Amino acid sequence: MPPLRTALLQSSGRPGSVAGNLKVLDEAAARAAAAGAGLLVCPEMFLTGYALGDQVPRLAEPADGPGAAAVAEIAVRHGLAVLYGYPERDGERDGEQDGARDRQRGRERIYNAAQLIGAEGTRLANYRKTHLFGGYEREWFTPGERPVVQAELAGLRIGIMICYDVEFPENIRSHALAGTDLLLVPTALMHPFRFVADSVVPVRAFENQMYVAYVNRAGQEGEFEFVGLSCLAGPDGTVRARAGRSEELVLGEADGELLTASRAANPYLRDRHPELYTSLVGAGPR
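Below you will find a few notes about this structure. Since this is a predicted model, take the numbers as computed values, not measurements.

Reading the values: rules and limits
Residues numbered from 1 in each chain as written. Predicted model: local features only at pLDDT ≥ 70, side-chain atom pairs only at ≥ 80, totals over all residues. Heavy atoms only, no water. Core = buried A, V, L, I, M, F, W, Y, C linked by side-chain atoms within 4.5 Å. Buried < 20%, exposed > 50% of the residue type's maximum accessible area, 1.4 Å probe, protein only. Contact = heavy atoms within 4.5 Å. Phe/Tyr/Trp six-rings, centres within 6.5 Å; stacked < 30°, edge-to-face > 60°. Helix = DSSP H or I, 4+ residues; strand = E, 2+ residues; numbered from the N terminus. Lys NZ or Arg CZ within 6 Å of the ring centre and 35° of its normal. Patch = residues over 30% accessible without salt bridge, like charges linked within 9 Å, V, L, I, M, F, W, Y side chains within 5 Å. Areas by Shrake-Rupley, 256 points an atom, 1.4 Å probe, with all protein chains shown as cover. Salt bridge = Lys/Arg side-chain N within 4 Å of Asp/Glu carboxyl O. Polar contact = N/O pair within 3.5 Å; in protein donor to acceptor, adjacent residues only side chain to side chain. Axes fitted to C-alpha atoms, helices over the stretch in contact; angles between N-to-C directions. Parallel < 35°, antiparallel > 145°, perpendicular 65-115°, else oblique. Left-handed = near helix turned anticlockwise from the far one by under 90°. Pairing = 2+ DSSP bridges.

### Section: the nonpolar core
Core analysis: the largest hydrophobic core is formed by 29 residues, its most contacted members being Leu39, Leu116, Leu182 and Leu184. Contacts of Leu182, omitting those with residues within four sequence positions, involve Leu4, Thr6, Leu39, Arg157, Ile158, Gly159, Tyr211, Val212, Ala213, Leu232 and Ala254. Within the second largest apolar cluster, 27 residues are counted, among which are Ala7, Leu25, Ala68 and Val71.

Right under this line is the structure:
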């Protein structure tokens with residue numbers, strides 16, 4: 001099978017403006033398609049912006065909401081799959097209550113989510129971030145409960161995580177054991193944690209024998225300074241595509257043949273001794 005040309009859209013878009021972000025997405029999809037990409041990956045919370053504060057409940061929508069329909073139209077128009085981040089509402093809003101209070105009362109749950117839309121406009125997979133980072137995310141979002149969400153695309157098994165999720169070795173190892181070939185990680189990595197993009201992500205790709213597309217926001221947004229440095233890391237630990245610190249579109253290829261050869265040569269998954277790792281299920285240090 002031919003490699004899947006993958007475009008990484010490093011951009012913070014237009015924070016707070018869904019219409020503005022859809023315009024940025026449409027323009028990026030046109031450029032990605034013209035470059036032969038079959039998949040476009042956007043950052044965490046790209047549909048709305050990340051630093052939303054009390055706008056989270058207003059901008060959140062169901063997985064099959066108007067944002068999904070608009071992204072599907074873009075995917076079909078340009079003939080490529082799109083992975084985008086957004087705040088997902090699961091449940092009914094209740095009058096003027098804010099999202100955090102509603103969630104505590106069980107009336108509404110809002111997730112930091114990412115959805116994969118196919119080139120035919122079909123919703124292929126929806127993932128809810130399982131590991132929330134910092135006080136802002138824990139105030140407004142509910143953690144997801146499914147660590148492994150997958151879909152098939154262009155002969156590859158696609159997995160999805162969001163940002164902080166990839167920093168937990170057990171999390172990405174679950175994907176490796178489930179056969180993920182290309183892990184899509186929309187992210188909002190901020191200063192001073194650039195070492196995650198520089199070092200952690202390529203190592204995760206190598207030790208788990210998969211491609212990892214790690215796609216970040218860029219620039220200042222509210223109190224957060226995003227470091228960019230989006231990358232496509234290969235199963236051999238090399239970085240196949242790397243962005244700088246500003247907004248840009250970079251492209252790389254996820255090659256199934258190279259993946260097969262790399263897995264045959266690398267013994268990590270074959271040499272595991274799961275019976276030795278039972279303590280990892282514990283509660284951790286006290």
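The discussion continues.
### A word on the packing of aromatic side chains
On inspection of all chains with the given rule, the structure shows 12 aromatic pairs. An angle of 75° between the planes, with centres 5.1 Å apart, marks the rings of Phe133 and Tyr164 as edge-to-face. Here Phe133, found in the loop between β5 (123-128) and α5 (134-140), pairs with Tyr164, found in the loop between β7 (156-160) and α6 (169-177); they are 31 residues apart in sequence, far enough to count as distant. Here the aromatic residues Tyr50, Tyr136, Phe141, Phe224 and Phe226 are joined through ring pairs into a cluster of three or more. Positioned above the aromatic ring of Tyr111, the side-chain terminus of Arg128 is 4.0 Å from the ring centre.

### A few points about a nonpolar patch on the surface
A cluster of nonpolar side chains, Phe133, Phe193 and Phe195, forms an exposed patch at the surface whose accessible area comes to about 260 Å². As for its placement among the helices and strands, Phe193 is situated in the loop between β8 (182-186) and α7 (194-208). By relative accessible area, which is 30% here, Phe193 ends up partly exposed.

### A look at the environment of Arg157
Assignment of secondary structure puts Arg157 in strand β7. By relative accessible area, Arg157 is classed as partly exposed at 32%. Separated by 23 residues in sequence, Arg157 and Thr180 have C-alpha atoms that sit 5.2 Å apart. The contact partners of Arg157, leaving out residues within four places of it in the chain, are Gln150, Ala151, Glu152, Ala178, Gly179, Thr180, Asp181 and Leu182. In this structure the side chain of Arg157 is engaged in a polar contact, spanning 2.9 Å, whose partner is the backbone oxygen of Ala178.

### Considering the packing of α6 against α7
Relative to each other, α6 and α7 sit at 40°, their axes nearing to 10 Å. Between α6 and α7, the angle falls in the class oblique. When the axes of α6 and α7 are compared, the crossing they make is right-handed. Together, Pro169, Ile172, Arg173 and Ala176 of α6 and Arg204, Glu207 and Asn208 of α7 make up the contact between the two elements.

### Quick word on the pattern of salt bridges
Tallied over the entire structure, the rule returns 14 salt bridges. With a closest N to O distance of 2.8 Å, Arg204 and Glu207 form a salt bridge. In this pair, Arg204 and Glu207 are both assigned in helix α7, three residues apart and thus about one turn of the helix distant. When salt bridges that share partners are traced, they join Glu44, Lys129 and Glu137 into one network.

### A few points about the pairing of strand β11 (residues 224-227)
On a regular strand, each side chain points to the face opposite its neighbour's, so the side chains alternate between the two faces of the sheet. Both strand β10 (residues 218-221) and β11 contribute to a ladder of four bridges, which runs antiparallel. Residue pairing for β11: Gln220 is matched across the bridge by Glu225. Linking two consecutive strands that pair antiparallel, namely β10 and β11, is a turn of two residues; a positive phi of about 60° is found at Gly222 within it.

That's the geometry; what it means functionally is another story.
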